[in-house]
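One letter stands for each residue in the lines below.
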Amino acid sequence: MDLLDSSTWGELHALLAELDRDIAAVYTDAGIDGMRTRFVGPCVDLHRFGPQTIRQLADRRSVSHSAMSQTAAAMRQAGFVESAPGAQDARTRRIRLTARAEAVVPLMIDEWRATEAAVQALDAELPYSLTRVTADLRALLDRKPFPVRLREHL
């Protein structure tokens, strides 16, 4: 078989996209326009810990500054956050929730907890849990990083 005809983790990507759509439906069903699942974590963090910089949010969410900057821009456009100059340095913008987002935070918190509970229950039903698979993959990649493995096949 030609590897151009395969997508080994294609089903995993499709499954994750399907689960993401299922989670997003919670917000659509509640009549909340413009909510994306990638907004939930940062919004909950802003609710719990107050206004933060893009860097602080990126670090808290374990994503790149660029990814969080794009997410924050999309959240701003959807009306969930606004930014203001920092107290000590006006060049540093702090992101904070809008009243619209604060009104939705209780649902976000409930959805996050429900999602985690459902995922943990699914993980427990597996004969070899996905969290274990992830840890094992991480250990293998720590020993030999993916770029090295990729170059070996080029």
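Below, the structure is looked at part by part.

Within the protein, the regular secondary structure consists of seven helices and two strands. Listed by position from the N terminus, the elements making up the protein come as α-α-α-α-β-β-α-α-α. Relative to its length of 154 residues, the protein is extended, with a C-alpha radius of gyration of 19 Å against a globular reference of 15 Å. Counting only C-alpha atoms and orienting by the principal axes, one finds that the protein spans roughly 55 × 35 × 25 Å. Scored against the burial criterion, the 154 residues of the protein give a buried share of 25%. Put simply, 48% of the contacts in the protein that link residues at least 6 apart link residues at least 24 apart. When the accessible surface of the protein is summed, it comes to about 10,800 Å², and 56% of that surface belongs to carbon and sulfur atoms. Here the protein contributes 20 positively and 21 negatively charged side chains, and the mean placements of these two sets differ by 10 Å.

This paragraph deals with the packing of helix 1 (residues 10–29) against helix 5 (residues 99–125). How two helices pack is summed up by the angle between their axes together with the distance between the axes. Running from amino to carboxyl end, helix 1 crosses helix 5 at an angle of 150 degrees, the nearest separation of the two axes being 11 Å. Viewed along their axes, helix 1 and helix 5 adopt a mutual orientation that is roughly antiparallel. Helix-helix and strand crossings are classified by hand; for helix 1 and helix 5 the assignment is right-handed. Within the contact between the two elements, helix 1 uses Ile23, Val26 and Tyr27 and helix 5 uses Val104, Leu107, Met108, Glu111 and Thr115. Residue composition of the contact of helix 1 with helix 5, by class: six nonpolar, one polar and one charged.

Attention shifts here to unusual backbone geometry. One non-glycine residue, Ser62, lies in positive phi territory at about 60 degrees. If you trace the backbone, Ser62 turns up in the loop between helix 3 (54–61) and helix 4 (65–78). When its relative accessible area of 66% is taken as the criterion, Ser62 is described as exposed.

Attention shifts here to a nonpolar patch on the surface. There is a patch of nonpolar side chains on the surface, built from Trp9, Leu12, Leu15, Leu16, Leu19, Leu137 and Leu140 and spanning about 600 Å² of accessible area. Elements supplying a minimum of two residues to the nonpolar patch: helix 1 and helix 6 (130–143). Mapped onto the fold, Trp9 is located in the segment before helix 1. Given a relative accessible area of 51%, Trp9 falls into the exposed group.

With 23 residues, the main nonpolar core has Tyr27, Met35, Phe80, Leu97 and Met108 as its most contacted residues. Element by element, the count of residues in this core is highest for helix 2 (residues 37–49), at five residues. Residues within four places of Phe80 in sequence aside, it is in contact with Ile32, Asp33, Gly34, Met35, Phe39, Cys43, Met75, Arg96, Leu97, Thr98, Arg100 and Ala101.

With the rule as written, the count across this model stands at one aromatic pair. Directly above the aromatic system of Phe49 lies the positively charged group of Arg60, at a separation of 3.9 Å from the ring centroid.

This brings us to the side chain of Thr71. Within the element layout of this structure, Thr71 appears in helix 4. When its relative accessible area of 8% is taken as the criterion, Thr71 is described as buried. Each residue touching Thr71, except ones within four places of it in the same chain, is listed here: Arg38, Phe39 and Pro42.

The next subject is the packing of helix 2 against helix 4. Contact geometry of helix 2 with helix 4 gives a least axis separation of 10 Å together with a crossing angle of 95 degrees. Classed by the angle they form, the pair helix 2 and helix 4 counts as roughly perpendicular. Of the residues in helix 4, those in contact with Arg38, Phe39, Pro42 and Cys43 of helix 2 are Met68, Gln70, Thr71, Ala74, Met75 and Ala78. A per-class count over the contact of helix 2 with helix 4 returns seven nonpolar, two polar and one charged.

How each quantity is defined
For every chain, the first residue of the written sequence is number 1, and numbering continues from 1 onward in sequence order. Restriction of local features to residues with pLDDT of at least 70 applies here, the model being predicted, together with a cutoff of 80 or more for giving and counting side-chain atom pairs; totals for whole chains, interfaces and linings are based on all residues. The basis for every side-chain value is the complete set of heavy atoms in the structure, and neither hydrogens nor water enter the calculation. Secondary structure elements follow DSSP: runs of H or I of four or more residues count as helices, runs of E of two or more count as strands, with numbering from the N terminus. Our radius of gyration is a C-alpha quantity, and the globule rule it is checked against amounts to 2.2 Å times the number of residues to the power 0.38. When accessible area is computed with a 1.4 Å probe and restricted to protein chains, residues below 20% of their type maximum are described as buried, those above 50% as exposed, and intermediate ones as partly exposed. Contacts are assigned to residue pairs that have any heavy atoms within 4.5 Å of one another. Every accessible area reported is derived by Shrake-Rupley at a probe size of 1.4 Å, with residue values counting cover from the shown protein chains alone. The convention is simple: Lys and Arg are positive, Asp and Glu are negative, and His and the chain ends are not counted. Where a charge lies is defined by one atom per residue type: Lys uses NZ, Arg uses CZ, Asp uses CG and Glu uses CD. Here an axis means a line fitted to C-alpha atoms, over the contact stretch when the element is a helix, while the angle between two N-to-C directions is reported on a 0 to 180 degree scale. Here is the rule for angles: anything less than 35 degrees is roughly parallel, anything more than 145 is roughly antiparallel, 65 through 115 is roughly perpendicular, and the remaining ranges are oblique. Crossing chirality is assigned from the near helix's rotation relative to the far helix, an anticlockwise turn below a right angle marking it left-handed and a clockwise turn marking it right-handed. Gly falls in the polar group here, along with every residue not listed as nonpolar (Ala, Val, Leu, Ile, Met, Phe, Trp, Tyr, Cys, Pro) or charged (Asp, Glu, Lys, Arg). A patch is a set of surface residues, each over 30% in relative accessible area and not in a salt bridge, joined within 9 Å for like charges and within 5 Å for the nonpolar side chains Val, Leu, Ile, Met, Phe, Trp and Tyr. By convention in these notes, a salt bridge is any Lys or Arg side-chain nitrogen within 4 Å of a carboxyl oxygen on Asp or Glu. We define a nonpolar core as any set of buried Ala, Val, Leu, Ile, Met, Phe, Trp, Tyr and Cys residues linked to one another through side-chain atoms lying within 4.5 Å. Under the pairing criterion, centres of Phe, Tyr and Trp rings, with the six-membered ring standing for Trp, must be within 6.5 Å; the plane angle then separates stacked pairs below 30 degrees from edge-to-face pairs above 60, leaving the rest tilted. Any Lys NZ or Arg CZ found within 6 Å of a ring centre and within 35 degrees of that ring's normal is scored as a charge over the ring.

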